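Report on the structure
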Amino acid sequence: MTPEPVRRALLNIRSGGQQLKVDILRSGLVRLTVTGRGGGELLCETLEDLLLDAAASPLLGQEPYEQLCWELDMMALRGDGNH
C-alpha cells in the first residue's frame with residue numbers, strides 16, 4: 001500500500017528518545033508518526049482528536065506527549081510562521 005501524500009508537514013519533535021512527526025495529509029486527515037521506543041502511527045480527523053488519541057495511546061512517553069501538546073499550543077497561539 002502506498003503511503004498517503006503529505007499536504008503539509010507541521011511538526012518534527014525529538015523528545016524522550018522518540019521522534020514525532022505531525023503531518024496534514026491530502027485527504028485532510030492528521031497523522032502522527034512516532035519513531036524510537038514503541039514507534040507507530042496514529043491517524044485522526046483533527047489535531048484535537050490526535051491529542052486525545054495520543055494521550056490514550058501507549059505510543060508516546062510522558063515527556064514526548066507534553067512536548068507535542070506544548071508545540072501545538074504554541075502554533076495555535078502564535079501561528080506557525082508560514083503566512
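Nothing here was measured: the structure is a model prediction, and the numbers come from that model.

This brings us to helix α2 (residues 62–78). Side chains of residues three or four places apart in an α-helix project in the same direction, reflecting 3.6 residues per turn. Along its 17 residues, α2 runs 24 Å from first to last C-alpha, staying within 8% of the 24 Å computed at 1.5 Å per residue. Every buried residue belonging to α2 is among P64, L68, C69, L72 and M75, and all of these are buried. Viewed end-on, α2 has its buried residues packed into an arc of 140°, placing them on one side of the element. In α2, the exposed positions angled more than 90 degrees off the buried face are occupied by Q62, E63, L77 and R78. If you follow the buried residues of α2, they end up packed against β1 (6–15), β2 (18–25), β3 (30–36) and α1 (47–56). Just downstream of α2 lies G79, where phi reads positive at about 85°.

Now for a negative patch on the surface. Among the surface-exposed residues, E45, E48, D49 and D53 lie close enough to one another that they form a single negatively charged patch. Take D53: it is sitting in helix α1. Among the residues examined, D53 registers a relative accessible area of 37% and is labelled partly exposed.

Our next topic: the pattern of salt bridges. For the structure on display, the rule yields one salt bridge. R31 is the partner of D23 in a salt bridge, and the nearest nitrogen-oxygen pair spans 3.5 Å. You'll find D23 and R31 in the same group, each marked buried.

Below, the discussion takes up the pairing of strand β4 (residues 40–44). Here five bridges tie β3 to β4, and the two strands are oriented antiparallel to one another. Within the sheet, the bridge partner assigned to V30 lies in β4 and is C44. The hairpin formed by β3 and β4 contains three residues between the paired strands, and G38 there has a positive phi angle of roughly 65°.

This next bit is on the side chain of S15. Looking at where S15 falls in the secondary structure, it is placed in strand β1. Among the polar contacts listed, one links the side chain of S15 to the side chain of E63, at a separation of 3.2 Å. Discounting chain neighbours no more than four positions away, the residues touching S15 are E63, P64 and Q67.

Analysis parameters
- Residues numbered from 1 in each chain as written.
- Predicted model: local features only at pLDDT ≥ 70, side-chain atom pairs only at ≥ 80, totals over all residues.
- Heavy atoms only, no water.
- Helix = DSSP H or I, 4+ residues; strand = E, 2+ residues; numbered from the N terminus.
- Expected span 1.5 Å × (residues − 1).
- Buried < 20%, exposed > 50% of the residue type's maximum accessible area, 1.4 Å probe, protein only.
- Arc of directions from axis to C-beta.
- Contact = heavy atoms within 4.5 Å.
- Patch = residues over 30% accessible without salt bridge, like charges linked within 9 Å, V, L, I, M, F, W, Y side chains within 5 Å.
- Areas by Shrake-Rupley, 256 points an atom, 1.4 Å probe, with all protein chains shown as cover.
- Salt bridge = Lys/Arg side-chain N within 4 Å of Asp/Glu carboxyl O.
- Lys, Arg positive; Asp, Glu negative; His and termini not counted.
- Charge placed at Lys NZ, Arg CZ, Asp CG, Glu CD.
- Pairing = 2+ DSSP bridges.
- Polar contact = N/O pair within 3.5 Å; in protein donor to acceptor, adjacent residues only side chain to side chain.

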